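Tertiary structure, described
Listed below, chain by chain, are the residues.
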Amino acid sequence: MNISIMNRKRVSALLTAALVFLAVIIFTSPSAQAYENLSPKALNLYTVSDTENADSIPGLHLSFSNDTALFRKTAGIIKELEEKGYTYTGLSLQVQLKTDDESWKTYKTGYFGSIEADDTVSDIIISDMSGTNLSEHTVYAKIRYAWTYEGGAYYGTWSEAAAAGKNASAAVVPEKLSYAPSFTDVSLDFSEDEYPQFNITFDALPEDAVSNMTNPKGTLMLNVMISENGKEFRNIRFQQVSNIKSGQVLQCSILDPEKGYESGTVTMKARFEWYTGGTTYYGTKTPDVVSPWSVEKTENVELWSKASGWAEGELKKAEVSGLIPVTLMGNDLTKSITRAEFAATAVKTYEKLSGKTAVPVSESPFTDCSDEDVLKAYALGIVNGISADSFAPNEYLNREQAAVMMTRVYKIINIKDWSLETDGDFSLEYTAPEKFMDDPLISAYAKDSVYFMASNGVINGIGNNLFAPKNTTQTEKKKGYANATRQQSILIAVRMTEAF
């Protein structure tokens, strides 16, 4: 009797402990029910050979897109885990494979930290396919999410299987692309000292773009075009669509690397283009299928981000005459000009005055500079360097150096057989103006050039009969007292073309 009562008490105690244990599990373990129906969408299972596509790693590839609720709900599950004392360790992707009618086998569970947007299309390299003859066998793959925490994991729903090989449905070239790219925002960014660019924020990619961006039969590209002042459209961005995510901001500079850009109105549009075969470069192939163009976006743009009011009249002349070098476009022109930037301005001046195109030296003599405009200026004899092998392209140019370089431009065009080496054999003919009060500060090598430029109204003084040839104190250097500015340099180019 006593034993029976003791057993019942023991059983009762054990049942109570079990219920408490279950309650702890029920009320402290994370709830997977809200997330178990989340599933990635397997898009394509395909092979890449060593020679088929140089941009891809050979082997079996599985492409997939994410559930649109993935990251919103993952944020919720992380919060839930933290509230219940669990340490969340990551979002992983579990892959299972099977060949023909064999059983599914887990292939890989990997950290999934590189995914940044809900509908990102990703590509997993599954295997090197060694020992598998896909002409005789069919390989299947499926994937699911795994949320891991210290002590466990829980899983989403398996995707539908994708197949490759004998019994797999062959990928086909799309017959049409029905939907244009869609953007949530398009704005023109005109930051100081940066080339203007369209910032395009992508909306969710259309279904036919998602389904074809990993189609192994070819490549889906995004073509972004602009038109300046109603002229013919030109390409500013050409990118594989598989690298684009919803919500991503795509930066598209409007600058043509050789010609720069025009001020006025600039209109942007974009479309999807399908190219059968591997990846391509813009203009090398005609697209096989294209989508409609997106809605056009038009903005106004200037050729500089900032300039002084007194300089704008002559800056407009420079723009019309093509004297503003590409390297200064989009910049704050009130800032000091560098040696490389002024070299580019001097080359523009030479080309305008001579009607000839400058050609760079084939090999740079400088260890610190390979800028093409600097090498053109060096080939002409406009510049040499601060030493035999150094140019100091980013150092600021002072006013007497500007006078010397522009005087060389004049000499190259107007004095037969002139060169840097023979410079001492020739003299300049001009009526010398009154000496500047700071004449003793002008370097001996620059004095003739300073007064030649002043006599022709190309480079004047700064007022009070001062020229400010160079900075002579730390205070002057700090303030940039004798530095030539970008806008002054462009105005010098304008005045050179008017004077000579």
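**Comments concerning the overall build of the protein**
When you go through the protein residue by residue, the secondary structure sums to ten helices and 16 strands. Here the protein holds 500 residues, and the buried ones make up 44% of them. Residue pairs at least 24 apart in sequence account for 69% of intrachain contacts in the protein once pairs closer than 6 positions are excluded. Here the protein has roughly 25,900 Å² of accessible surface; of this, 48% comes from carbon and sulfur atoms.

**A closer look at the confidence of the model for the protein**
Averaged over the protein, the pLDDT score is 84; the fraction of residues at 70 or greater is 84%. Considering only residues more than four positions removed or in separate chains, one finds that residues 1-28, a stretch of pLDDT under 50, has five contacts. Per-residue pLDDT stays below 50 along residues 50-56; that stretch engages in eight contacts with residues further than four places along the chain or on separate chains.

**A closer look at helix H8 (residues 444-455)**
End to end, H8 covers 18 Å across twelve residues, agreeing with the expected 16 Å (1.5 Å per residue, within 8%). Buried residues of H8: Ala 446, Ser 449, Val 450, Tyr 451, Phe 452, Met 453 and Ala 454, and no others. Looking at the buried residues of H8, the elements they touch are helix H7 (399-414) and helix H10 (486-499). Downstream of H8 by one or two residues, Gly 457 has phi in the positive range, about 70 degrees.

**Concerning the sheet that holds strand E9 (residues 183-189)**
A sheet is described by the order of its strands in space; here three strands give the open sequence E9-E10-E13, paired in antiparallel fashion. On the outer flanks of this sheet lie E9 and strand E13 (249-253), each paired with one strand and no other. Here the average twist between neighbouring strands, direction ignored, is 20 degrees. When strand E10 (residues 197-202) meets E13, the two strands line up antiparallel, connected through five bridges. In the strand pairing of E13, Ile 200 is matched with Leu 250.

**Digging into the pairing of strand E7 (residues 152-155)**
Where strand E6 (residues 138-149) lies against E7, four bridges are found, and the strand directions are antiparallel. In the sheet register, Thr 148 faces E7, and the bridge partner there is Ala 153. Joining the antiparallel neighbours E6 and E7 is a turn of two residues, in which Gly 151 adopts a positive phi near 105 degrees.

**A word on the pattern of salt bridges**
According to the stated counting rule, one finds 14 salt bridges in the structure shown. We note a salt bridge from Glu 228 to Arg 234, for which the minimum N-O separation is 3.2 Å. A residue is classified by how much of its surface remains accessible, and Glu 228, at 9% relative accessible area, is buried. Among the charged side chains, a network of salt bridges with common partners joins Glu 302, Lys 316 and Glu 319.

**Let's talk about the nonpolar core**
Counting residues in hydrophobic clusters, the biggest one holds 87 residues, and the most contacted among them are Phe 198, Ile 200, Leu 222, Ile 382 and Met 406. Looking at this core element by element, the count peaks at seven residues for H7. With residues near it in sequence (within four places) discarded, Met 406 still touches Phe 342, Thr 345, Ala 346, Thr 349, Met 453, Ile 492, Ala 493 and Met 496. Judged by nonpolar contacts, the second largest core, of 25 residues, contains Leu 45, Leu 62, Ile 77 and Tyr 145.

**Comments concerning the packing of aromatic side chains**
In this structure the tally under the stated criterion is 13 aromatic pairs. Considering the side-chain rings of Phe 183 and Phe 202, the 5.2 Å spacing of their centres and the 80 degrees angle between planes classify their relative orientation as edge-to-face. Taken as a pair, Phe 183 in strand E9 and Phe 202 in strand E10 lie far apart in primary sequence, 19 residues in all. Centroid distance Tyr 410 to Phe 452: 4.9 Å. Interplanar angle 55 degrees. Geometry classified as tilted. Of the two residues, Tyr 410 sits in helix H7 while Phe 452 sits in helix H8, which places them 42 residues apart along the sequence. No difference in accessibility class separates Tyr 410 from Phe 452, as the two residues are buried.

**Quick notes on H7**
Along an α-helix, a turn takes 3.6 residues, which lines up residues three or four apart on a common side. Over its 16 residues, H7 extends 23 Å from the first C-alpha to the last, a length consistent with the 22 Å expected when each residue adds 1.5 Å. In terms of residue burial, H7 counts as a mostly covered element, since twelve of its 16 residues are buried. Listed as buried for H7 are Arg 399, Glu 400, Ala 402, Ala 403, Val 404, Met 405, Met 406, Thr 407, Arg 408, Val 409, Tyr 410 and Lys 411. On its buried side, H7 packs onto helix H5 (339-354), H8 and H10. The N-capping residue of H7, defined by a side-chain oxygen 3.3 Å from the backbone nitrogen of Glu 400, is Asn 398.

Cut-offs and rules
- Residues numbered from 1 in each chain as written.
- Predicted model: local features only at pLDDT ≥ 70, side-chain atom pairs only at ≥ 80, totals over all residues.
- Heavy atoms only, no water.
- Helix = DSSP H or I, 4+ residues; strand = E, 2+ residues; numbered from the N terminus.
- Buried < 20%, exposed > 50% of the residue type's maximum accessible area, 1.4 Å probe, protein only.
- Contact = heavy atoms within 4.5 Å.
- Areas by Shrake-Rupley, 256 points an atom, 1.4 Å probe, with all protein chains shown as cover.
- pLDDT = per-residue confidence, 0-100.
- Expected span 1.5 Å × (residues − 1).
- Pairing = 2+ DSSP bridges.
- Axes fitted to C-alpha atoms, helices over the stretch in contact; angles between N-to-C directions.
- Salt bridge = Lys/Arg side-chain N within 4 Å of Asp/Glu carboxyl O.
- Core = buried A, V, L, I, M, F, W, Y, C linked by side-chain atoms within 4.5 Å.
- Phe/Tyr/Trp six-rings, centres within 6.5 Å; stacked < 30°, edge-to-face > 60°.
- Polar contact = N/O pair within 3.5 Å; in protein donor to acceptor, adjacent residues only side chain to side chain.

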